[in-house]
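These are the residues of each chain, in order.
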Amino acid sequence: MRALTDTLQSHLDQLANGGPSAAELARVKASARVALLSALTSNSSMAGLLSTYHAVTGSWKGVLEELDYVETMRAAEVAEIVQRVFRPENRFIGKAIPL
């Protein structure tokens, strides 16, 4: 368990210090775009997505704004968010105990 924790922390530290590589950021942007657009392919998934955005952001238009936001995301912004969110004092470690 300790090795997993150390490995995860190492990756988070790398991300916080340098941000994602250009290839990683491009892959995540493309994946987010595909996931969002694929959710708009059926009436039921579109209704769920729009209602979720309306409940969370106050407007269904957040769906459209998210695409723009994802496209303008920079590696430095990702690094800043990682530094702010993934701090040791925010950490929670759970353990699975077999029955």
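Refer to the structure presented above.
Numbers given to residues run from 1 along each chain, matching the order in which its sequence is written. Note on the predicted model: pLDDT of at least 70 is required for a residue's local features to be given, and 80 or more for side-chain atom pairs to be given and counted; whole-chain, interface and lining totals, by contrast, use all residues. With hydrogens and water stripped out, all remaining heavy atoms of the structure feed into the side-chain values.

Draft legend 1. Local environment of the nonpolar core. Here, the term nonpolar core denotes a set of buried Ala, Val, Leu, Ile, Met, Phe, Trp, Tyr and Cys residues that are joined through side-chain atoms within 4.5 Å. Buried, partly exposed and exposed residues are distinguished by accessible area as a fraction of the type maximum, computed with a 1.4 Å probe on protein chains only: under 20%, between the cut-offs, and over 50%, respectively. Leu12, Ala16, Leu25, Met73, Val78 and Val82 together form the largest nonpolar core, which totals six residues. Strands are runs of DSSP state E lasting at least two residues, helices are runs of H or I lasting at least four, and both sets are numbered from the N terminus onward. Of all the secondary-structure elements, those providing two or more residues to this core are helix H1 (2–18) and helix H5 (75–85). Here a residue-residue contact requires only that any non-hydrogen atoms of the pair lie within 4.5 Å. If near-sequence neighbours (up to four positions away) are discounted, leucine 25 is found in contact with Pro20, Met73, Arg74, Ala75 and Val78. Formed by five residues, the second largest nonpolar core is a distinct cluster that contains Leu36, Ala39, Tyr53 and Val63.

Draft legend 2. Seen up close, helix H3 (residues 43–57). The end-to-end C-alpha separation of H3 is 21 Å, in line with the 21 Å expected for 15 residues at 1.5 Å each. Glycine 58, located one to two residues past H3, shows a positive phi value of around 90°. How far a helix is expected to stretch is found by multiplying one less than its residue total by 1.5 Å.

Draft legend 3. A look at a nonpolar patch on the surface. The grouping of Tyr69, Ile81, Val85 and Phe86 at the surface amounts to a nonpolar patch, some 360 Å² of accessible area in total. Here tyrosine 69 shows up in helix H4 (residues 62–72). For tyrosine 69, a relative accessible area of 46% gives the class partly exposed. Patch construction takes residues with relative accessible area above 30% that form no salt bridge. Like charges are linked within 9 Å, and nonpolar side chains (Val, Leu, Ile, Met, Phe, Trp, Tyr) are linked within 5 Å. Per-residue and other accessible areas were derived by the Shrake-Rupley procedure at a 1.4 Å probe size, with only the shown protein chains allowed to occlude residues. Throughout this description, the term salt bridge denotes a Lys or Arg side-chain nitrogen within 4 Å of a carboxyl oxygen of Asp or Glu.

Draft legend 4. Representation of the pattern of salt bridges in the model. Scanning the model with the defined rule gives four salt bridges in all. Measuring nitrogen to oxygen at the nearest pair gives 2.1 Å for the salt bridge that ties glutamate 71 to arginine 33. With glutamate 71 in helix H4 and arginine 33 in helix H2 (residues 22–38), the pair connects residues that are 38 residues apart, well separated along the chain. For glutamate 71, a relative accessible area of 38% translates into the label partly exposed.

Draft legend 5. Geometry of the packing of H3 against H4. Only the stretch in contact is used when fitting a helix axis, every axis being a line fitted to C-alpha atoms; angles between N-to-C directions are given from 0 to 180 degrees. Two elements in contact, H3 and H4, have axes separated by 9 Å at closest approach and are oriented at 85°. Taken together, the axes of H3 and H4 are roughly perpendicular relative to one another. When H3 is examined against H4, the residues Leu49, Leu50, Tyr53 and Thr57 are found in contact with a partner set consisting of Gly62, Val63 and Glu66. Taken together, the residues of the contact of H3 with H4 sort by class into four nonpolar, two polar and one charged. Note on terminology: angles under 35 degrees are roughly parallel, angles over 145 are roughly antiparallel, angles of 65 to 115 are roughly perpendicular, and the others are oblique. By the convention adopted, Pro, Cys, Tyr, Trp, Phe, Met, Ile, Leu, Val and Ala count as nonpolar, Lys, Arg, Asp and Glu as charged, and the other residues, Gly among them, as polar.

Draft legend 6. Quick peek at the environment of aspartate 68. The topology assignment puts aspartate 68 in helix H4. The spatial distance from the C-alpha of aspartate 68 to the C-alpha of arginine 33 is 9.7 Å, given a sequence separation of 35 residues.

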